[in-house]
Amino acid sequence: MSPGTGSDRAALDPQFAEQISGIVRAEHGRVVATLIRRLGDIDLAEDAVAEALVTALERWPADGIPPNPGAWLTTTAGNKAIDRIRREGKRDLKHKEALDMIDDSLPEPTGPVADDRLRLIFICCHPALAPENRIALTLRLLGGLTVAEIARAFLVPETTMAQRITRSKQKIKAANIPYQVPREADLVERLAGVLAVLYLIFNEGYLASAGEGLREDLSAEAIRLTRQVGSLIRSPEIDGLLALMLLTEARRDARIADGVLVTLDRQDRSRWDADLVDEGHALVRRCLAAGRPGPYQLQAAINAVHTDALDASLTDWRQIVQLYDQLLVIQPSPIAELNRAVAVAELDGPDVALALVERLDLPDYHPALVARAELLRRLDRRTEARAAYDAALALSANEAERAHLVRRRESLGS
Amino acid sequence: MTQYLLSVIHDWNDLGDVSDEEVQEMFAATGRFNDEIQASGHWVFAGGLEHPSTATVVNGVKGANIVTDGPYLEAKEHLGGFWVIEAADLDEALEIGRRGSMACGGAVEVRPFQGEDGPAGA
């Protein structure tokens, strides 16, 4: 086969294009992370990787995908960086040092590559950066999403997102945020920050309205990054977060029917993704066996109890309430209290639960209004229930959820 | 190594509520902290400032000479003092800043000085 025919065929083959973009997505973090260490400069590393990707897209369709695409991209990007430094005649000390380093180290030896990705995620999620900037940087550098993709996913103009990312990189450089894994004493706290970013990315994808493909990608990306972090650091909380994501993701398809949100108790459980549920359950068992329960592990365990029930009526509510009790000891929050109250309604009745909900100070949190509406409905206090649905509707922007709430309100009758 | 300005942000109105003993303890703790960072080699320079009402603004832009009484910004909180330190990276600077904040009883803003290559960020 001549390269020409290969190229033509590949250009027509969307599966091949998909394969390449999958590889690029999977390798981006690793390649950029290595380049940043060797060049000491995020922008230079990113530009070099972008150039290497262009070359890959030109060559791979004809030459085939190299056996180790990550190494190929790293080597090519390294060469691009050298070219660029020479071409632009940058001769300041830092770049000269970088040049020396690259010249000495090419072709890339099999070094501590995994550590580079860890360094990268800790720099992206550094507490000195604003939370929204941590998310953007993580998706850009580690996830390999384009600025345009991230901007679309977070519903902000591309220029805004570009500025956010540029400013963050400038701060990393000017303030000398270190490219290193935090020392032992800070690791637990800093890891919690990383996991918070990953969970925010996941929720952004999960809680978005239906039919927005890119936002669903965010959940998949969060799961992929969490798996990656879990392969680099052993911590029951990472397993817990991954389990929480998988058990939530497993219900995605059952969660919306004809554009209307379907609540957990009414979902068609045969539509849950059994593989994700199994993996989530196995992770929950494994992390709880470590005997160091944290907030993500407990939330995952709660989800495991839910997904263990073949029918909503078989849910072990007593265990769920107990898990919320544990969670509230470790991490008190009115939102966890609200969720506990919803479980209490199943054990002790809606009147007991309503008293708990009304004690909470969550005026603008619409799930609290929804919970209140549902409890009032079960107590047959229809006028108050209707008002609570209206208040919840005023605060919810999610179309599928709004459709669900309108239905619930209508079904109250008059 | 990077040099950082550690600015102590004080609410000067709140300082009126602090007892003499507490003020003495803050001075003593700050003195101990100063000794520590001198011994560890992080110290470059430091100073405490008089009340913001003692400030005067002079503007000489484009040949003007305008003198105004009071601090440049009307704010509830003002710079109370500062350290200039040298640290390996931001993590080390933040740790020193945290200890300084604990000693002097005010929040500390940690800001890098421009390097020799000029500004890295806008």
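Just so it is clear, the model here is predicted, and its values are computed rather than measured.

Reading the values: the criteria
- For every chain, the first residue of its written sequence is number 1, and the numbers climb from 1 along that sequence.
- Key to labels: chains lettered from A, ligands numbered from 1, both in the order written.
- Predicted model: local features are reported for residues with pLDDT of at least 70 only, side-chain atom pairs are reported and counted for 80 or more only, and whole-chain, interface and lining totals are derived from all residues.
- Side-chain measures here rest on the full set of heavy atoms in the structure, leaving out hydrogens and waters.
- Going along the chain from the N terminus, every DSSP run of H or I of four or more residues is numbered as a helix, and every run of E of two or more is numbered as a strand.
- Relative accessibility decides the category of a residue: with a 1.4 Å probe and only protein chains considered, values under 20% of the type maximum give buried, values over 50% give exposed, and everything between is partly exposed.
- In what follows, a contact means two residues having at least one pair of non-hydrogen atoms within 4.5 Å.
- Values of accessible area rely on a 1.4 Å probe in the Shrake-Rupley scheme; residue burial ignores everything except the protein chains shown.
- Charge assignment in this entry is limited to Lys and Arg as positive and Asp and Glu as negative, and neither His nor the chain termini are counted.
- One atom stands in for each charge, and that atom is NZ of Lys, CZ of Arg, CG of Asp or CD of Glu.
- What a helix is expected to span follows from its residue count: subtract one and scale by 1.5 Å.
- In this description, the arc belongs to the directions extending from the helix axis to the C-beta atoms.
- Residue ranges assigned to the domains are those given by an automatic or database domain assignment.
- Angular values range over 0 to 180 degrees, each being the angle between N-to-C directions of two axes fitted as lines to C-alpha atoms, with helices fitted over their stretch in contact.
- In these notes the angle categories are as follows: under 35 degrees is roughly parallel, over 145 is roughly antiparallel, 65 to 115 is roughly perpendicular, and the rest is oblique.
- Following the grouping adopted for this structure description, the nonpolar residues are Ala, Val, Leu, Ile, Met, Phe, Trp, Tyr, Cys and Pro, the charged ones are Asp, Glu, Lys and Arg, and the polar ones are all others, Gly among them.
- Pairing of aromatic side chains here covers Phe, Tyr and the six-membered ring of Trp, requires ring centres within 6.5 Å, and sorts the geometry by plane angle: under 30 degrees stacked, over 60 edge-to-face, intermediate tilted.
- Salt bridges are counted wherever a side-chain nitrogen of Lys or Arg sits within 4 Å of a carboxyl oxygen of Asp or Glu.
- In protein, a polar contact means a hydrogen-donor-capable atom and an acceptor-capable atom, both N or O and within 3.5 Å, with residues adjacent in sequence counting only if both atoms are side-chain atoms; elsewhere, any N or O pair within 3.5 Å suffices.
- Every patch collects residues that have over 30% relative accessible area and no salt bridge, joining them within 9 Å if they carry like charges and within 5 Å if they are nonpolar side chains (Val, Leu, Ile, Met, Phe, Trp, Tyr).
- pLDDT expresses, on a scale from 0 to 100, how confident the predictor is about each individual residue.
- Criterion used throughout: strands pair if DSSP finds at least two bridges between them.
- A 1.4 Å probe defines the accessible area here, and the buried area is the portion of it lost by two parts on being joined, summed over both.

1. Structural notes on the overall build of chain B
Step number 1: Within chain B one finds three helices and six strands.
Step number 2: Along its sequence from the N terminus, chain B presents helices and strands in the succession β-α-α-β-β-β-β-α-β.
Step number 3: Residues counted as buried form 28% of the 122 residues belonging to chain B.
Step number 4: Considering only contacts within chain B whose residues lie at least 6 apart along the sequence, 77% involve residues at least 24 apart.
Step number 5: Total accessible area computed for chain B in this model is approximately 7900 Å², and 53% of it derives from carbon and sulfur atoms.
Step number 6: Within chain B, one finds 6 positive and 21 negative side-chain charges whose respective centroids are separated by 5 Å.

2. Re helix α14 (residues 274-289) of chain A
All names here are of chain A.
Step number 1: Here α14 spans 23 Å end to end across 16 residues, near enough to the 22 Å set by a 1.5 Å rise per residue.
Step number 2: Those residues of α14 not exposed but buried are Leu276, Val277, Gly280, His281, Leu283, Val284 and Cys287. One side of α14 holds all its buried residues, which, seen down the axis, span an arc of 165°. Away from its buried face by more than 90 degrees, α14 exposes Asp275, Asp278, Arg285 and Ala289.

3. A look at the domain arrangement of chain A
For interface size, the figure often reported is the accessible area lost on association.
Step number 1: The assigned domain composition of chain A is domain 1 (1-108), domain 2 (112-233), domain 3 (247-332) and domain 4 (355-414).
Step number 2: Just the C-alpha atoms count here: the centres of domain 2 of chain A and domain 4 of chain A sit 34 Å apart.

4. Regarding the packing of helix α15 (residues 295-308) of chain A against helix α16 (residues 317-330) of chain A
All names here are of chain A.
Step number 1: It is the contact of α15 with α16, at a shortest axis distance of 10 Å, that shows an interaxial angle of 170°. Of the possible angle classes, the one that applies to α15 and α16 is roughly antiparallel. Across from Pro295, Leu298, Gln299, Ala301, Ile302, Val305 and His306 in α15, the residues of α16 making contact are Trp317, Gln319, Ile320, Leu323, Tyr324, Gln326, Leu327 and Ile330.
Step number 2: Residue composition of the contact of α15 with α16, grouped by class: 11 nonpolar, four polar and no charged.

5. Description of the packing of aromatic side chains
Step number 1: Scanning all chains against the criterion turns up six aromatic pairs over all chains.
Step number 2: With 5.7 Å between their ring centres and 80° between their planes, Tyr199 of chain A and Tyr296 of chain A make a pair best called edge-to-face. Taken as a pair, Tyr199 of chain A in helix α10 (residues 184-206) and Tyr296 of chain A in helix α15 lie far apart in primary sequence, 97 residues in all.
Step number 3: Here Tyr296 of chain A falls in the buried class, since its relative accessible area comes to 13%.
Step number 4: A centroid spacing of 6.1 Å and a plane angle of 35° characterise the contact between Phe45 of chain B and Phe82 of chain B, whose relative ring orientation is tilted. Taken together, the positions of Phe45 of chain B in strand β2 (residues 43-48) and Phe82 of chain B in strand β5 (residues 77-87) put the pair 37 residues apart, joining distant regions of the chain.
Step number 5: In this structure Phe82 of chain B comes out as partly exposed when scored by relative accessible area, which is 21%.
Step number 6: Members of the aromatic cluster, connected to one another through ring pairs, are Tyr199, Phe202, Tyr206 and Tyr296 of chain A.

6. As for the pattern of salt bridges
Residue and element names in this part refer to chain A.
Step number 1: Applying the stated rule across the entire model yields 29 salt bridges over all chains.
Step number 2: A salt bridge links Arg378 to Glu346; its shortest N-O distance comes to 3.1 Å. Here Arg378 is found in helix α19 (residues 366-378), whereas its partner Glu346 is found in helix α17 (residues 334-348), with 32 residues between them in sequence.
Step number 3: Judged by its relative accessible area of 37%, Glu346 falls in the partly exposed class.
Step number 4: Bridged by salt links that share partners, the residues Asp43, Glu46, Arg140 and Lys169 form one connected network.

7. Regarding the side chain of Glu401 of chain A
All names here are of chain A.
Step number 1: Its place among the elements puts Glu401 in helix α21 (residues 399-410).
Step number 2: For the buried Glu401, which has no salt bridge, the nearest side chain bearing the opposite charge is Arg255, at an N-O separation of 7.2 Å.
Step number 3: In this structure the side chain of Glu401 is engaged in a polar contact, spanning 2.8 Å, whose partner is the side chain of His366.
Step number 4: The contact partners of Glu401, leaving out residues within four places of it in the chain, are Leu261, His366, Val370 and Ser396.

8. So, unusual backbone geometry
Step number 1: Notably, Asp258 of chain A is not glycine yet its phi reads approximately 50°, a positive angle.
Step number 2: Mapped onto the fold, Asp258 of chain A is located in the loop between β1 (256-257) and β2 (260-261).
Step number 3: One non-glycine residue, Lys62 of chain B, lies in positive phi territory at about 55°.
Step number 4: Along the chain, the position of Lys62 of chain B falls in the loop between β3 (56-59) and β4 (66-69).

9. Let's talk about a negative patch on the surface
Residues and elements named next belong to chain A.
Step number 1: On the surface, Glu216, Asp217, Asp253, Asp273, Asp275 and Asp278 cluster together into a patch of negative charge.
Step number 2: Looking at the negative patch, the elements with two or more residues in it are α11 (213-232) and α14.
Step number 3: Mapped onto the secondary structure, Asp273 falls in the loop between β2 and α14.
Step number 4: With a relative accessible area of 34%, Asp273 lands in the partly exposed category.

10. With respect to the confidence of the model for chain A
All names here are of chain A.
Step number 1: With 89% of its residues at a pLDDT of 70 or more, chain A shows a mean pLDDT of 87.
Step number 2: Contacts from residues 1-10, a stretch scored under 50 in pLDDT, to residues over four places away or in other chains number seven contacts.
Step number 3: Confidence drops under a pLDDT of 50 for residues 103-113, and excluding neighbours within four residues, the segment shows 16 contacts in the predicted structure.

11. So, the sheet that holds β5 of chain B
Hydrogen bonding along the main chain pairs the strands of a sheet, whether they run parallel or antiparallel.
Residues and elements named next belong to chain B.
Step number 1: Strand order in the open sheet made by the four strands is β2-β5-β1-β6, with antiparallel pairing throughout. Sheet topology places β2 and β6 (107-112) at the edges, where each strand pairs with a single neighbour. On average, each strand axis in the sheet is tilted by 20° relative to the strand beside it, whichever way the strands run.
Step number 2: With five bridges connecting them, β2 and β5 associate as antiparallel partners. If you follow Gly48 over to β5, its bridge partner there is Gly81.

12. With respect to the interface of chain B and chain A
Step number 1: Facing 12 residues of chain B, the contacting portion of chain A comprises 12 residues.
Step number 2: Between chain B and chain A, the buried area comes to about 940 Å², and carbon and sulfur atoms account for 53% of it.
Step number 3: Arg190 of chain A serves as the salt-bridge partner of Asp91 of chain B, at 3.7 Å between the closest nitrogen and oxygen.
Step number 4: Applying the counting criterion to the chain B and chain A interface returns five residue pairs in polar contact (both at pLDDT 80 or more).
Step number 5: By residue class, the composition of the side of chain B that touches chain A is seven nonpolar, two polar and three charged.

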